[in-house]
Structure formats: C-alpha cells, structure tokens
Amino acid sequence: MKRFQLALCVLVSALSFTSCVKKNFDAPPDSSNYDPNLPTSGSLAKARALLAGTVAVPIDSDWTISATVIADDRSGNLYKQIVVDDGTTGMTLLLEANNLYGNYPVGRKIYLKTKGLYIGMYGGLPQIGMIDETGSMIGIPSTLIGGHVIKGDFPHPVIPDTVSLNDLNDGLLNRLIYIKDVEFAGSNLGMSYAQPSAIASGTSRTVEDCAGNTITLRTSGYANFQPYIVPSGKGGIAGIYTTYNGTPQLILRDTTDVTMYGERCGANTPFITIDSMQKMYTGADAVMPTAKISCIVISDRANGNTTASNVIVQDASGRGVVMYFSGSGNTPTYDMGDSLVVDITAMTLTTYQGGLELKANTSKVVNYKGNHAVTPLSISLDDLNASFITYQSTLVEIKNATVSGGGTYSGNKTLNDGTSTISLYTTSAAGFASQPVPTTPMTYRGIATPYTNGNEIKLRNLNDVY
Amino acid sequence: MKLKLPAVLLLAATQTVVASAQNNRQTSLVKGRLFNKITKQPANDVQIIFPGLKLLTITDGEGNFNFSQVPYGTQKMVVGGNTVKADTITIVISKDLVDVGDIQVTPSENGLVATQLTQIPTIAIEDANVSVDDDGVKGSAVSGLLTASRDPFVNTASFTFGQYRFQARGYDRNAQQVLVNGMPMNDVETGDASWNQWGGLNDAFRARNNTYGLTPSDYTFGGMNGSVYFDATAANQRKQTRITYSATNRQYKNRLMLTHSSGLMKNGWAYSLSVSKRWANEGYIPGTFYDAYSYYAGVSKVWKKHQFNLTTFGAPTRRGKGTAATQEAYDLAGSHFYNPNWGYQNGEKRNAKVNEYFQPVVIANYEYKPSDKTDWNTTIGYQFGKNKNSTLDWYNAQDPRPDYYKNMPSYYVNGLTNPSPDLADQVRAQLEANPSQMQLDWNKLYDANSVNYETIHNANGIAGNDVYGRRAMYIVANDVDDIKKFNFSSNLTHSLNEHIILYTGITFITQRTESYKEVADLLGADFYVNYNQFASRDYPGKADVYQNDLNNPNRIVKEGDKYSYDYITHFNKGWWWGQAAFTYNKFDFFVAANAGINSFSREGLYRNGLFPNTSYGKGATESFFIYGLKGGATYKINGRNYLFVNASAGADAPTVDNTYISPRTRGNVVDNPTTQKYQTVEGGYLLKAPNINARVVGYATDIKDATDIQRFYNDDPNVQSFVNFVSQHVNSRYVGTELAVDVKVMPTLNLIGVAAVGQAFYTNRPTISSYKDNDTTSNPTTYTVYNKNYYVAAGPQSSYTAGARYNSKKYWWAGINFNYFDRNYVAAAPIRRTVDAVDGLVPGSPEWNEVLNQEKLPSAFTVDLSFGTSIMLHKWLKQIPRSTILSINAGVSNLLDNQDVVTGGFEQLRFDFTNGNIGKFPSKYFYGFGRNYFVNVSLRF
C-alpha cells in the first residue's frame, strides 16, 4: 500500500502542472479605430492625370494617397473592386480578391501606396491596379493587396455629391453621386434590377427625371439584390458614376441607395379615352396634350399579322388606335390581352393609309400585363363599311360570312356576309397564312383596318374563325 | 486458448514427463503452457527449444506453446531466453499428442529486468495528426497495425514501416478488428480502429491475442488484416507500480504515465489504475500543440469459477493539426513541414484546426469457466462522448486560408486567361520576404468582424424582430460527433477434445450519433446567422432557400450554438460468429463463419431550405445482410517447416457516409445501396528454427462493389458548390508478397530483413455521379471513370528494411534498421480519368499524359536506431528491493534527417475543365518527419 501512496503522490504532483499547454486565446483589441497616420503625398487626381490615352501606364511616383472607400463589394454588385475618393477625384481600385468589404468597407480610410501600380482604363473608366502580360489591367494580386492598400480607421462619413441628370460630366467619374426626383422608366416597372447571372452578367435599366433626361443603371447578375423588383415611385438614387464605351452608367452599392417612395412623374396626368384622343386629330398631325390612356392590346404579335412595330389597342370607349413604335431600342413587346397605361403627353397623332396612328415610345408605356379579353363588336359588313372610320382599329365580328375563291388565307380575300363584302387581308408572314380558308359560312373576328386601296379586316389568328 | 490439464508440473532443475514409449519413428504434437511462478501470470515470449531436434518456438500472449512432429522417445526441452531462468525439462514422447500442461517458470535473476527488453515503445504512432477535410480525401493514412507481435513481419510493419504510412496489404484501417475485454472497439460508422481511445494507457493495454491476415483468432471472426484483443481487466494486469516519463519530438514532447496494479490478491480481488498526460506546446509540425490526459481504472473479483470485471478508461485529448499542402506552398515556406493551419494571435501561435476528443468507455464483463474446457465471456459496454474537429467557417468573406490557391504565385500563371509570370514573380517575392503571409492572419479576421455591422430582420423567425450588431464574417466552428454506444457480446469457447476447439459468439451494438456543427469562437463578433451562404449566392432573394433550418429561420447563433447541419444516425448491428479449430500432429485447420445484420437510419433535426422535403425527420432504415466465411490449413512438414493456406469471402455493409449522398443536408441515398464483397486468399511458408525465423507469404484479395463518396467544395466558376462524387461498383485487387527473415548469426546478434511488395489497384471502370449540394432540381452528372489498373493510394507498395540487433548479455540491446520505400502513388482523382477531362487533347500528347498519368512519389531511404536497457537498482543500492527496475528505451528514427520523404499525396478532386491545366489545382502531399527521437525512462517497483 505504501507503494500505492507514493504513486498517488507523484501522480498528483505531476498532474498539477496542467498549465503546460495553454488553451484559450485573448481576442486582439478592436483595431477599427486605429489610424497609422501615414504621411501622405500625391493624389488620385494626379494619378488620373498620368493617363493620357487609354493604355495603362505605371505610376512611378512613390505616393501614399489617403482616401475613403465610397463603394465596396458587399452586395456583389462590384466584383474584385472597390471605389475610393480622396477629395480630388474618385478611383476604382482593382483587387484580385473577393469579399473585399471585410477589410475595406464603405467609410474606411485607406492609404494607397502607388509605387508599382498602374493606372488604366476600362471602357473609358479610370482604374488603378496592375497589368498582365498583355498590358491589360488586372487586380492587385491578393498577396500584394496588404502592401498597397493599407487600412486606416473606420468609419468616416461618405457623402455623395448631389447632381441633376443635366449636370453629369466626366469629372464625376468614380465618384458617389446622388440624383433627386428621378424614377425608373415605365418600361422597367415590374422588372428586377437585373436578370439572373445565368442569363446575363449584367443588365441595364433606365432612370429618368420628369423632363425625360435619362441615365443607365447597370447592375450585375451576381448582385444579391438582382431579383428585387425596381421601385415604382419617384425619389432619389445614389451610386457610383461610371461610363462604359461612352454610355454613362450609375452603379448601386445596394438597394439602400434607392429611395423612390414618392409619386411618379405625371401622377396627376389625367386619363382620357381613345375616343377623345381621336377627336384631337383634325386633319393634320396633332401633338397630344398632357394625358394618359388606359387600353388593352388587341393585336397578336405572336401570329405576325400585324407589323412588328405596331401595337393596336382599344379602350373602354370602344375606340381603337394603332401605336407605332419606331427607332432602335423602341421595339414593343406587348402581347394580346396586355393592359397598358400610355403616357401620350407630347406624342404625335398622325394618319397612315387613312387610319389614325400614335407615334409612341415604349418608355412611356407601363405594361400591367394580364390576359384581358376585349369583346368584339358584332356587326354586319354593310353597317361596318358605312362607318368604317369610327370602327377603325377595333375588334369586330362578322357572322355567317363566306370567303370566296378558296385557297389559303395569304393575301387579299373577299369576305361576304350577305349584306356586303370587305377585303380579308393576311400578310404572307402571318403564322396562319398558308392555312386553307373555310368553304362554309363561319364567324370571322378581326381588326377593322383602314387602307387607302380599300378597307380591310385583319384576322389575328385562327381562333378568330369559328 | 485456455486449455489446461490437471497435471501441473512443478519443475526443479530437471523434470520428467512419462508417457508410454512405443516407436521412435513416430512423431507427436507437444503442447503446454508456461506461467510465471511468482506473478502467476502467463509467461509470454519465452523461448522453448528442443536442442537435439533444433526446434524452437516462443510462447504466445497466454504462455501457450506447441510443437509438432516431435519424434517419439525421450526428449530434452529447454525453457530459456532473456526472461526466465534456463530450465531443462525431459519429456518422454509416446503418443500422438502430449500435453505437458502448465509449467511454472522462474524469472531469471534479472528476469524482471529482461522482460523490459521486449517491451516495444509504442510512442507517438497514435493517429494521423493531419486533416484533409477541406479536400474531400479521406485520411486513411496511418497503418492500423499498431501493436507488438511475435511475428517479425508484423513487428516491422507496425513500428518501422508504420511511420511512413505503410498500409498492410494496402487495406484501409477498417480491415482489423479490435476488441477490449470482448467489446468491439472499431468505429461503428467507419469501421476504423482508433488507438486514440486508449492513448497514453500503454501499460494497461497489452494485446492478449494478436492475429495478422486470415489467421484465426480465439475471440472474433477477424477482419482481412486480422484482429487484436486487448485484455484490460484488472485481474490480468501484472502486479506492479510503474512510472514512465518519455521525451520525444514527435506529436508531443512529454509523456508521463503512472500505473499501479495490485495483481490478483488472495481475497480474489484485483484493482488497477493508470493515468497519463501527454503534452507539447508545439510538436514536430509547427503550430501543433498537444494536450492529452488519460485514465484507466479496473477492478476484478474472482470467485470460484466466476470472474467479474469492471473497467473504465478514457483519453481527453486536445491537439492542433497539420495538413497537406501543395509542393508550391512547401517550397515558398522553405519547409516540408509547413502548416497553414496556424497564425499568430497576440504573439502566440494559434491553430485553426484543433481536434478535441473524449469518448470514455465503461465495460463490465463476466467470465465463467465451469471447467478447464469451457470459457464463457459476456460483456456489456457503454461508450459516449464527443469528437470535435475545429475549422474556420466564413460567410460572404474572403477565403482566409493562407495557401488558398489564388494567393499562390502559380495562380497568375495557371489561373488567368493571360498567364502573367511577372505578377507571379512579384507574388513569390512578397511571400518569400514575408513568411507570416504564409500563415493565418487572425488579426485580419477579427478586424473584418469588428466592422461588419448588420441588421438581421425577423431574427429567430420572429416577425419584426430586428437584431443589430457585428455579424461575424469569420468564425471558428466545430464539426461534432456526439456518440452513445451500447454493446452486448457473449462468447463461448469449448474444447471438445484434445484436438478440437469450438468457438461461438454473438454481438449486438446500438449507437446513436448526433452530428452537427457548432460555433466555437465568434472572433470578436456579436453573432453569426444560420444561413447557407452558397444557397444565398445561387438563389439570391429567396429567403427560404438559404435557411439551414427552415423550422427556425434567421436564427442568430452564438458560441456553443449548433448551426449549419444537425442530424442523428441510428445504428443497429448484430451478428453471430462460430469457429472450429482442429490441431493435429501433421495438420492444423479451421473453419469459421459469421452472419448478421448491419442497419442504420438518418434522422434530420434541421429542415434544410434547399431540401425541405428530404432533410427533416426520420428516414427509412437501410439494412444489409453481412456474412463471412473463412477457412485455412497448416501443414507441418516437420517441426520447423510449415506451409499454410487461408481463404475468406464475405460481404460488408457500406458506411453511412458512403450510403447517404450528403447526410448533412438530406436523407437521399445513392442508387441501390449495396454491400461490398471481398474474396481473399493467403498462403506461405514458415520456418521456425533456433537460429532462423522466416516467413514468406503471398496474398491475393478482390474487393468488389465498393461505394465511395468524396465531398469537396468545387470553386470552378461553372459549379461553385459543394459537390458529392458518388463512385459505385468500384472493384480493386490487392496482390503481393511479404517476406521476413530473422537470423541469429551469433548468440548476441540477429540480422533481420523484411520486405513487403504488393500491388493494390483498381480493376474496373466505375461510374461516378456528381451531385451538387446547391442543385435541388437536376439529375447528377454521370461520368465513366477510366480507372482500371490505376493504383489504389495505399502507402508505399514496396517497403524494405534490413537491420541488425545486438542483444548484450548485460541486459541492453541496440538495433539499427536501414529502410527503403518505393512505389508510393498519389490518390488519383476520378474526374481526371474521364472522357470530359481529356476532351480536345490529342491522345498520347504530353498534355493528355499529364492529365491521365498517376504520379509515383519519390522513393525514400531512412535509417533508424534503437537502444534499450534495464537496470536493477538493487545492484547499486542494497536497500532498494530487487524488484525495482529502471528501464530506458530510446530510439532515433530517420537518423539521417531525410526531410524529403513524401509519405503520401492526393490529386485535388476539382479539375480545371476550361483549360485542362492540372497546375491550377495541383496535388497535395504529406511529408514524413525528419530526424525524430524518443526516450522512455520507466521505473517499476
């Protein structure tokens, strides 16, 4: 037993020096308030001035520029870059690492040591980084970032310049700007900030003021707010002012930069009917007053019997009109049954081939979609022909009518309901143009379409014949 | 074997066993058992020689010996060797089987001293101190054979080859069954046998029965690599008090062990206690600390034919881990022992990957011996506790690992559209000039957390509950397995007659394992949120999808809270085994079988936002019928030359991890989970002569229908998800030769040569299905892997050692070994052996070969030295009793300090499909220690 006691004694003494191996670590002090206060030299504006053309040039000077981070990559809208501003100008810093906001969040002061860095351009936007073997700009390698971008204290206020859309100029590039009293273009309403990354790496939306001045809002498909629907109100927007090959672009940091809670431009614009609008045409082109119309699409772009640039709408007054969208970027994508609100202010109402046509712009159209059916007016051809101009661009239905001549729908056919006849016109480009016409009396629906050589009815698709 | 005849022969200088003599030309089987006259314990490792016949054998762990083909007549048998007094026993052989029964032997004058010599210092080869969890490659790196044996091959494989990731026959660690007092100790999930469970308790855990290959065991059916049976009952501990201090520079620096055993006392009681501590502020690998305790306590009561034992042990261990790295990282760090897991925090090295383990065991067993012919052992065991592995976790943050591939110079050559060696050079110069950038930057992690103020809306699922504060970008997290294991086993051994022994037994195991992740350290932040960052990136704006637990959305978690995943696996296993062993003069043979059910089910505790319908609740039970058949025969050409052949075939259940595609996120299983089948045969020649002991064995094994799932994060821009590579119907073959020769060239000098040369390779083209954890909809991408004849990464497949051992008559010995390792292959990534990987490459072109070839690691040469002595302190100071002995064991491994020994490696599982550039995700390697040593000083009294 004595041996055992001895063993126990040794045991206790041996195990008592348990502090040989340490277990817990102290947290290091919070260093976010620490500023190394490095002596500074140079400026971002001086660096910018080194760049004469678009080819990247080295910044040979050993400057230490003090600047504040004004945009980071927290939302994913920026990738491998942050934007800083030192008061002289702003600058995009290319850094070959992701999630930079952990080290360089908005509001952090940084010291940029320029020796060994390059200034270059991407699509017209000045950037500081390094170059690869081809001379193209590339981010500062992750391993080298700490030596070039030194952390200062946090946080510093980041206050954007308030500007209007008329004031935008290259001096604002890479700076945080704030624009008041703007809204997303009507054509963007109901859409997300960007398409998913699987479809497009980035998407442009349009922000405009009530005077029609616009700027492109460019958002990455990888931004975490990509699927969010753009606000429909009017208000302010902040972002980094950039450019891409001559197109000015605004880049959001995240959706807290968008404060559009007010009523949209033209919220007080009165609605008028198409009937009232038609009456404003008195023989010569008429410029529309401040007004909106609310209407349903009756043309069917899927079947191609209406020109792609035309959309035919009808409203509750029972009248219809052709909306003609011309020019690039102004292609209508409204489907039969869509419900539209069109701000016709300052649009021109003209005539084409004897029918009324509104020269429209998609940016003035808000599409509320839906699958709205317009009940066609059942009428005899005799009555229709008698007041054709009244029924122009509306949906009509002719019962017990026969098409003479047989063959296919393509081209001009004559429709006869016993009271009168009319031309049934189908363009050869229509989806159903090669289908045979019925030989027995049927009901025909179509859009009453004025034409200089004789009025026409245009079927939209084969569901119009039954 | 507990065979005992009533006749116990008390031996004086000469003893005679008389049996009726008949014919000199006939031969006989002679068997018996030696035990220590003083301690009453079996005398193991005692040499017995028939000098006239030049026959030799050594007693096994229970003191048993047997000789075959001893000619009829009067023979002299000499018991001797280092441990006992030489004693000559005369026996008269006159019948086919002579059982001389129990023979008491007297420890030699210095016998107690000499017994120390045979103790092999099992220090530091305890477990892989490396982690490869980020790379999806399993760390089956350490040989399971970790115990002393009388077989020169097994000894060498364990202690000389084991340090260099030698895997016996190329098998995994689950090929060896390990039992303690009758309780199976192999991990219920993986089947691996981990010596960590009794780390530091070397004194109490001595193997009673150790079989290798397909040799039959007395206690269990056995795995393809055999079995180890530890008898840790108090009654079978040698009466002693022992203090051991060890100094080493391997995983730990210091070890202190204290053991006190009463031996079986007159009142039928025995108790035994052992405690130990192993520690190091830093082991051989930088940043790896070691802090481990262990305890063992046993009590036994022997009453008539009954023996009751209660045993408990555990080894609470905390240790920092190293990891594999690319050659580029090793070169940049200027060391083959570079460890990216640590970095300085407040001036001290902190390791991000820490293993914290404590799974104590309590075993009660009852042994009933109604007669000398029958032994019935029933065991109830309970094991519980946690195994935690820490790791850094982060949310929308830069990868903090210093050796992240985009931080390496090679990224600017292999990872960019326009390779830019100039940038690579700048990066290289920076890292070489600033070695601290090759280590973790803890301050940067704290710093990022300190400025990351965020508001979490509807926190903890409560509408309108906004939580504002510093949201952690980085945390230290633990992957935790919390087990509760219950075991019941009952085994019966019965000697039918002198030739036949029957064995049978049943075992039931039920285990509940809860697996989860917990926040271990917020690194200065206020909270972390239980979101799945990969889902939030892939499904932006879909708040439901990125919840790790939809039942508790937007959960704010703090230190100690569970997050990320949480599920329970319920295991139920039961099997029967039986064996019959026949011992005759010319032949021994045996047949054995086992059969049972292995089943498990998953119970999800989280409803994962990506898999809301398959993640939560209890899933179906997966059940597998398992079986094995085994048999073998030994032909004794004469008393010195033996031929043997053994064979086995059977089926084992797949593991849980190889059945559920991604158990952390969902309950879906692979297509038609199936058992893995094996067929194995071994045969060889044994020579046991007084001056030469040799063994030549050949083996061949086929494993079929194996399932293997590899999981890793694939940051290919087209994937960016955790990926599960499910390989099914993988077939492999293991063939080879094992050779061991131990020649006594002089009475004091033995020369030893051992070689293990094998081929472990794949024999078919399995299919892999790639399941993305972020993809809830699509079917897996499926590839055919052109894997045939690629090597299985199974350590060096050619291992040789030549050594000499000098045994002084003055109770010291010294040994030297020259080791050579070759044909070690990196683990081949399946994805690189697919049509897609070589798409567009010209067959036979250098680029094509580069993608397909399997790298052979460089061969290695090392030298080991060992030394041991025992001193009876009585010689120096008469007051000290004779039984007080000081033993010293010391060894230097890799004497020449060869720091270029690559012990293993693996190709990364991700592959640059865009450019087919293997340099973008290069292979990672493990290096063996350079010169390392241990010194054991042990005092026994």
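Because the structure is a prediction, the values reported are computed rather than measured.

Digging into the overall build of chain B
Moving on, step 1. Across its full length, chain B holds eight helices and 52 strands.
Moving on, step 2. The globule rule puts the C-alpha radius of gyration for 941 residues at 30 Å, and the 29 Å found for chain B is close to it.
Moving on, step 3. Considered along the principal axes of its C-alpha atoms, chain B spans approximately 95 × 65 × 55 Å.
Moving on, step 4. Of all 941 residues assigned to chain B, the portion counted as buried reaches 52%.
Moving on, step 5. Partitioning the intrachain contacts of chain B with sequence separation of at least 6 by distance along the chain shows that 70% fall at a separation of at least 24.

Looking at the overall build of chain A
Moving on, step 1. Scanning chain A from terminus to terminus reveals five helices and 31 strands.
Moving on, step 2. By the compact-globule yardstick of 23 Å for 466 residues, chain A is too spread out, its C-alpha radius of gyration being 34 Å.
Moving on, step 3. Taking as baseline every contact in chain A between residues at least 6 positions apart, the subset at least 24 positions apart corresponds to 65%.

Description of the sheet that holds strand E8 (residues 97-105) of chain B
Residues and elements named next belong to chain B.
Moving on, step 1. Spatially, three strands are ordered E5-E2-E8 in an open sheet, and the strand pairing comes out mixed. Two strands close off the open sheet at either side, each with one partner strand: strand E5 (64-71) and E8. When the angles between neighbouring strand axes are averaged without regard to direction, this sheet yields 20°.

Re the sheet that holds strand E50 (residues 902-906) of chain B
Residues and elements named next belong to chain B.
Moving on, step 1. Strand order in the open sheet made by the three strands is E21-E51-E50, with antiparallel pairing throughout. Each edge of the open sheet carries a strand with a single partner, namely strand E21 (325-326) and E50.
Moving on, step 2. Bridge analysis of E21 against strand E51 (residues 924-927) gives two bridges, and the strand direction is antiparallel. Each residue of the ladder has a partner; that of Ala325, found in E51, is Tyr925.

Describing the interface of chain A and chain B
Moving on, step 1. The interface of chain A with chain B comprises 37 residues on the first partner and 44 residues on the second.
Moving on, step 2. The greatest single-element share of the side of chain A that touches chain B, amounting to seven residues, is contributed by helix H1 (residues 2-16) of chain A.
Moving on, step 3. Counted by class, the side of chain A that touches chain B contains 19 nonpolar, 13 polar and five charged residues.

Points about the environment of A:Ala198
Moving on, step 1. Locating A:Ala198 in the fold gives a position in the loop between strand E12 (176-184) and strand E13 (202-209).
Moving on, step 2. Along the primary structure A:Ala198 and A:Tyr222 are separated by 24 residues, whereas in three dimensions their C-alpha atoms are 9.2 Å apart.

Re the pairing of strand E49 (residues 885-893) of chain B
Across a regular strand the side chains alternate sides, sitting on one face of the sheet and then on the other.
Residue and element names in this part refer to chain B.
Moving on, step 1. Alternating residues of E49 divide into Ile885, Ser887, Asn889, Gly891 and Ser893, all buried, and Leu886, Ile888, Ala890 and Val892, none buried.
Moving on, step 2. Both strand E48 (residues 860-872) and E49 contribute to a ladder of eight bridges, which runs antiparallel. What sits directly across from Met872, in E49, is Ile885.
Moving on, step 3. Two strands pair when backbone bridges link them, and E49 and strand E52 (residues 932-940) are joined in this way by nine bridges, in the antiparallel orientation. Pairing of Ser887 across the sheet is with Ser938, part of E52.

Some points on the domain arrangement of chain B
Residue and element names in this part refer to chain B.
Moving on, step 1. Its domain assignment divides chain B into domain 1 (14-108) and domain 2 (372-398 + 453-675).
Moving on, step 2. Each of domain 1 and domain 2 has a C-alpha centre, and these two points are 49 Å apart.
Moving on, step 3. Listed by partner, the interface residues are 13 residues for domain 1 and eight residues for domain 2.
Moving on, step 4. Secondary-structure elements contributing two or more residues to the side of domain 1 that touches domain 2 are strand E2 (27-36), E5 and E8.
Moving on, step 5. At four residues, E5 tops the list of elements feeding residues into the side of domain 1 that touches domain 2.
Moving on, step 6. For the side of domain 1 that touches domain 2, the class distribution of residues is six nonpolar, four polar and three charged.

A few points about the domain arrangement of chain A
Moving on, step 1. Split by domain assignment, chain A resolves into domain 1 (44-151), domain 2 (161-262), domain 3 (274-369) and domain 4 (377-464).
Moving on, step 2. In this structure, domain 2 of chain A and domain 4 of chain A have C-alpha centres spaced 47 Å apart.

Some thoughts on unusual backbone geometry
In most cases, non-glycine residues show a negative phi, while peptide bonds are predominantly trans.
Moving on, step 1. Residue A:Pro155 follows A:Phe154 across a cis peptide bond; omega there is -5°.
Moving on, step 2. Counting through the fold element by element, A:Pro155 comes out in the loop between strand E10 (149-151) and strand E11 (161-163).
Moving on, step 3. With a phi close to 50°, B:Asn181 is a non-glycine residue in the positive phi region.
Moving on, step 4. Its location among the elements puts B:Asn181 in the loop between strand E10 (177-180) and strand E11 (183-184).
Moving on, step 5. Here B:Asn346, not a glycine, exhibits a phi torsion of approximately 50°, which is positive.
Moving on, step 6. Overall, B:Asn346 belongs to the exposed group, with 12 C-beta atoms counted inside 10 Å.

With respect to helix H6 (residues 442-450) of chain B
Moving on, step 1. For H6(B), the tally of buried residues reaches seven of nine residues, placing the bulk of the element in the interior.
Moving on, step 2. Here the buried face of H6(B) lies against strand E22 (342-345), strand E23 (348-351), strand E28 (467-470) and strand E29 (474-495) of chain B.

With respect to helix H2 (residues 152-161) of chain B
Moving on, step 1. Across the ten residues of H2(B), eight count as buried, placing the element largely inside the fold.
Moving on, step 2. If you follow the buried residues of H2(B), they end up packed against strand E39 (692-714), strand E40 (721-746), strand E41 (749-762), strand E44 (798-807), strand E45 (812-822) and E48 of chain B.

Quick word on the environment of B:Leu739
Residue and element names in this part refer to chain B.
Moving on, step 1. As for its position among the elements, Leu739 is in strand E40.
Moving on, step 2. Note on Leu739: 17 C-beta atoms within 10 Å, which makes it partly exposed.
Moving on, step 3. Distance in space between the C-alpha atoms of Leu739 and Ile556 is 61 Å, their sequence separation being 183 residues.
Moving on, step 4. Not counting residues up to four positions away in its chain, the partners in contact with Leu739 are Val696, Val754 and Ala755.

Details of the nonpolar core
All names here are of chain A.
Moving on, step 1. Core analysis: the biggest nonpolar cluster contains 133 residues, and Ala71, Ile82, Val84 and Ile110 have the highest contact counts within it.
Moving on, step 2. Ignoring sequence-local partners within four residues, the contact set of Ile82 consists of Val69, Ala71, Asp72, Asp73, Leu93, Leu95, Leu100 and Tyr104.
Moving on, step 3. In this structure, Ile298, Met323, Phe325 and Val396 belong to the second largest nonpolar core, which totals 46 residues.

A closer look at the environment of A:Ile379
All names here are of chain A.
Moving on, step 1. Topologically, Ile379 is positioned in the loop between strand E26 (377-378) and helix H5 (381-386).
Moving on, step 2. For Ile379, a count of 20 C-beta atoms within 10 Å gives the class buried.
Moving on, step 3. With 282 residues separating them along the chain, Ile379 and Ala97 place their C-alpha atoms 70 Å apart.
Moving on, step 4. Once residues lying within four places of it in the same chain are set aside, the contact partners of Ile379 are Leu384 and Val396.

Some details on the confidence of the model for chain B
Residue and element names in this part refer to chain B.
Moving on, step 1. In this model, chain B carries an average pLDDT of 87, and 92% of its residues clear a pLDDT of 70 or more.
Moving on, step 2. A low-confidence stretch, residues 1-24 stays under pLDDT 50, and its non-local contacts, those more than four residues away or across chains, total 52 contacts.
Moving on, step 3. Below pLDDT 50 for its whole length, residues 138-146 participates in 37 contacts with residues either more than four positions away or in separate chains.
Moving on, step 4. Across the interface, the model reports ipTM at 0.82; the global pTM reads 0.83.

Remarks on the pairing of strand E20 (residues 310-314) of chain A
Residue and element names in this part refer to chain A.
Moving on, step 1. Most of E20 sits inside the fold, with four of its five residues counted as buried.
Moving on, step 2. As judged from the two bridges shared by strand E19 (residues 292-297) and E20, these two strands associate in the antiparallel manner. When the bridges of E20 are listed, Val297 appears paired with Val313.
Moving on, step 3. Where E20 and strand E21 (residues 320-325) come together, five bridges link them in antiparallel fashion. Within E21, the residue paired with Gln314 across the bridge is Gly320.
Moving on, step 4. Count of turn residues in the E20/E21 antiparallel hairpin: five residues, of which Gly318 carries a positive phi of about 85°.

Topic: the confidence of the model for chain A
Moving on, step 1. Summing up the model confidence of chain A, the mean pLDDT is 90 and the portion of residues at 70 or higher is 95%.
Moving on, step 2. The low-confidence segment residues 16-20 of chain A, where pLDDT is below 50, has one contact with residues more than four positions distant or belonging to other chains.

Rules used in this analysis
Residues numbered from 1 in each chain as written. Chains lettered and ligands numbered in written order. Predicted model: local features only at pLDDT ≥ 70, side-chain atom pairs only at ≥ 80, totals over all residues. Helix = DSSP H or I, 4+ residues; strand = E, 2+ residues; numbered from the N terminus. Rg over C-alpha atoms; globule rule 2.2 N^0.38 Å. Buried ≥ 20, exposed ≤ 12 C-beta atoms within 10 Å, placed from the backbone. Contact = placed C-beta atoms within 7 Å. Pairing = 2+ DSSP bridges. Axes fitted to C-alpha atoms, helices over the stretch in contact; angles between N-to-C directions. Nonpolar A, V, L, I, M, F, W, Y, C, P; charged D, E, K, R; others polar. Domains from an automatic or database assignment. Core = buried A, V, L, I, M, F, W, Y, C linked by C-beta atoms within 7 Å. pLDDT = per-residue confidence, 0-100.

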